[in-house]
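Structural overview
Listed below, chain by chain, are the residues.
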Amino acid sequence: QVQLVESGGGLVQPGGSLRLTCAALEIRVSIFAMGWYRLAPGKRRELVAATASGGTYADSVKGRFTISRDNAKNMVYLQMNSLKPEDTAVYYCNAKRTNPISGRSSDYWGQGTQVTVSS
């Protein structure tokens, strides 16, 4: 069945970097709008980065995070640089698509990967 599997999270010090990977099964990321969301304790889920319009980012991560796809590998990445403690959250991969013929909407989520930024 459709699966999005995130990996690459971990514990890093402020200023460090991580690269998150989203591996997709049973869908082609090339035809989906892909995104990364994060959820921190006590906060609402936040869109961090999306492939829409060539790359869309939350103001809080602009200039530090980059979303990319490798269509041949059917993977999506989130490169996170200059990490800050406020980036600490569970990061989720998301895939969305509206079938252009049927109009059916699809919305898939991964299980999440923990990113902790702490000294």
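Our structure's up above, just so we're on the same page.
Residues numbered from 1 in each chain as written. Predicted model: local features only at pLDDT ≥ 70, side-chain atom pairs only at ≥ 80, totals over all residues. Heavy atoms only, no water.

Description of the state of the cysteines
- Counted by the stated rule, this structure contains 1 disulfide.
- The disulfide that involves Cys-22 links it to Cys-93, with 2.0 Å between the sulfurs. One quick way to see it: the torsion about the S-S bond of Cys-22 and Cys-93 is about -80°, and its sign makes the bridge left-handed. Note that Cys-22 is positioned in strand 3 (residues 18-25) and Cys-93 in strand 9 (residues 89-98), a separation of 71 residues in sequence.
- Using a relative accessible area of 0% as the deciding quantity, one classes Cys-22 as buried.
- Given a relative accessible area of 0%, Cys-93 falls into the buried group. (Disulfide = S-S within 2.5 Å. Helix = DSSP H or I, 4+ residues; strand = E, 2+ residues; numbered from the N terminus. Buried < 20%, exposed > 50% of the residue type's maximum accessible area, 1.4 Å probe, protein only.)

Note that every value here comes from positions in space, so none of it alone points to a role or purpose.
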